[in-house]
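Overview (structure and organization)
Here are the chains, one letter per residue:
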Amino acid sequence: MPANVLDGAEVARQTRNELRARVEAFTASRKRPPGLGIVLVGHDPGSEVYVRNKLKSAGETGLRADLHRLPEDASLVEVVAAVRELNASGVHDGILVQSPLPAALGPEAEQVVFDEVDPAKDVDGFHPVNVGRLVQGRPFLVPCTPLGILELLDRTGTPIKGRHAVVIGRSDIVGKPVALLLLHRHATVTICHSRTVDLPKVAATADILVVAIGRAGFVTRDFVKPGATVIDVGMNRVDDREQARKLFPEGHPRLAAFDRRGSVLVGDVHPEVWEVAGALTPVPGGVGPLTIALLLSNTLKAAEARS
Ligand code: GUN
């Protein structure tokens, strides 16, 4: 029997609908909407799409959202100045600096810039103060994708307490914070990564498997215990037909879509896992839409806390 679909797009719709009423109440009582300031440096194509979707979704939910664009060759001083301006703004409750920053700014640039964001406005949850609060189990602003994953598990009635969660990936944006959130909900948590010995064997002990490594179709059926809940955080563009063919058989609608467009968006989990897992998030339409919904939720949370 194929796995149940964990419909992130539907859960995101529910979350945004509930938020809309709270945003209206905030706007009526404070005489202004909650405000989000986004800093985008350069023209990374992926970032352009993400930022457009964030602005659109914020507007539809009743928030104010402003984009502060900087050129590809902006200096670190200019990026920091944009953040400081938003820190001082009375109408912006949340600040998001879209990652990745241009490589020319240097390897330390992101940390320098994220450290500048006022922790009270840090809707990405990347500032060390917010990271520390999460580690200590007294979270304030938590990274949006991990929050979205917990929202999806909760709203689909997936139990967490006492179960074994395996997280593949140890990034600051997804792997580490989702592991902490699951731990605080009393899961037994294992974090795996590229150097883990016998990775498929460890993954196959999971009741809940979260995959965030950025490698198309990496997790095959041998990584998955029959009936497990699998959360695919990957979003990879495949533009090589041979690679697409390894994911989808001839005649599959996604391969036909590849042949029309020359590329296809796929997760880190191989489609054959649908035959083994108990429940699985599709890509697209799984975790992605929830990240944006939780960004709006974090902005409202920051706005309420600030006033
Ligand atoms: N780039 C990809 N995901 C994210 C995210 O969650 N926040 C920011 N700021 N940039 C990103």
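Below or above, wherever it landed, is the structure these notes cover.

Scoring rules and cut-offs
Residues numbered from 1 in each chain as written. Predicted model: local features only at pLDDT ≥ 70, side-chain atom pairs only at ≥ 80, totals over all residues. Heavy atoms only, no water. Helix = DSSP H or I, 4+ residues; strand = E, 2+ residues; numbered from the N terminus. Buried < 20%, exposed > 50% of the residue type's maximum accessible area, 1.4 Å probe, protein only. Contact = heavy atoms within 4.5 Å. Areas by Shrake-Rupley, 256 points an atom, 1.4 Å probe, with all protein chains shown as cover. Lys, Arg positive; Asp, Glu negative; His and termini not counted. Charge placed at Lys NZ, Arg CZ, Asp CG, Glu CD. Pairing = 2+ DSSP bridges. Axes fitted to C-alpha atoms, helices over the stretch in contact; angles between N-to-C directions. Polar contact = N/O pair within 3.5 Å; in protein donor to acceptor, adjacent residues only side chain to side chain.

As for the overall build of the protein
- Helix and strand counts for the protein stand at eleven helices and eleven strands.
- Projected onto its principal axes, the C-alpha coordinates of the protein cover approximately 55 × 40 × 35 Å.
- Burial status across the protein gives 47% buried among its 307 residues.
- For the protein, the proportion of contacts with a sequence separation of at least 24, taken over those separated by at least 6, is 70%.
- A total accessible area of about 14,100 Å² is found for the protein, and carbon and sulfur atoms account for 54% of it.
- When the 36 positive and 36 negative side-chain charges of the protein are each reduced to one mean point, those points stand 5 Å apart.

Re the sheet that holds strand β6 (residues 188-192)
- Spatially, the six strands line up as an open sheet ordered β1-β11-β8-β7-β5-β6, and their pairing is parallel. For this open sheet the edge positions go to β1 (4-5) and β6, each flanked by a neighbour on one side alone.
- In the sheet, strand β5 (residues 164-168) pairs with strand β7 (residues 208-211) via four bridges, with the strands oriented parallel. Along β7, the bridge assignment pairs Ile168 with Val211.
- Its contacts with the sheet put helix α6 (residues 144-155) on β7 and β8 (229-232), and the angle it makes with β8 is roughly 150°.

Regarding the environment of Arg170
- Note on placement: Arg170 falls in the loop between β5 and α7 (175-184).
- Arg170 sits in the partly exposed class, given a relative accessible area of 41%.
- Each C-alpha atom, one on Arg170 and one on Val287, is 17 Å from the other, the two residues being 117 residues apart in sequence.
- Ignoring any residue separated from it by four or fewer positions in sequence, one finds Arg170 in contact with Gly175, Lys176, Ile191, His193, Ser194 and Arg195.
- There is a polar contact of 3.5 Å between the side chain of Arg170 and the side chain of His193.

What to know about the pairing of β7
- Going residue by residue along β7, you find Ile208 and Val210 tucked away on one face and Leu209 and Val211 tucked away on the opposite face as well.
- As defined by bridge partners, β7 adjoins β8 across four bridges and the pair is classed as parallel. Each bridged residue has a counterpart across the sheet, and for Val210 the counterpart in β8 is Ile231.

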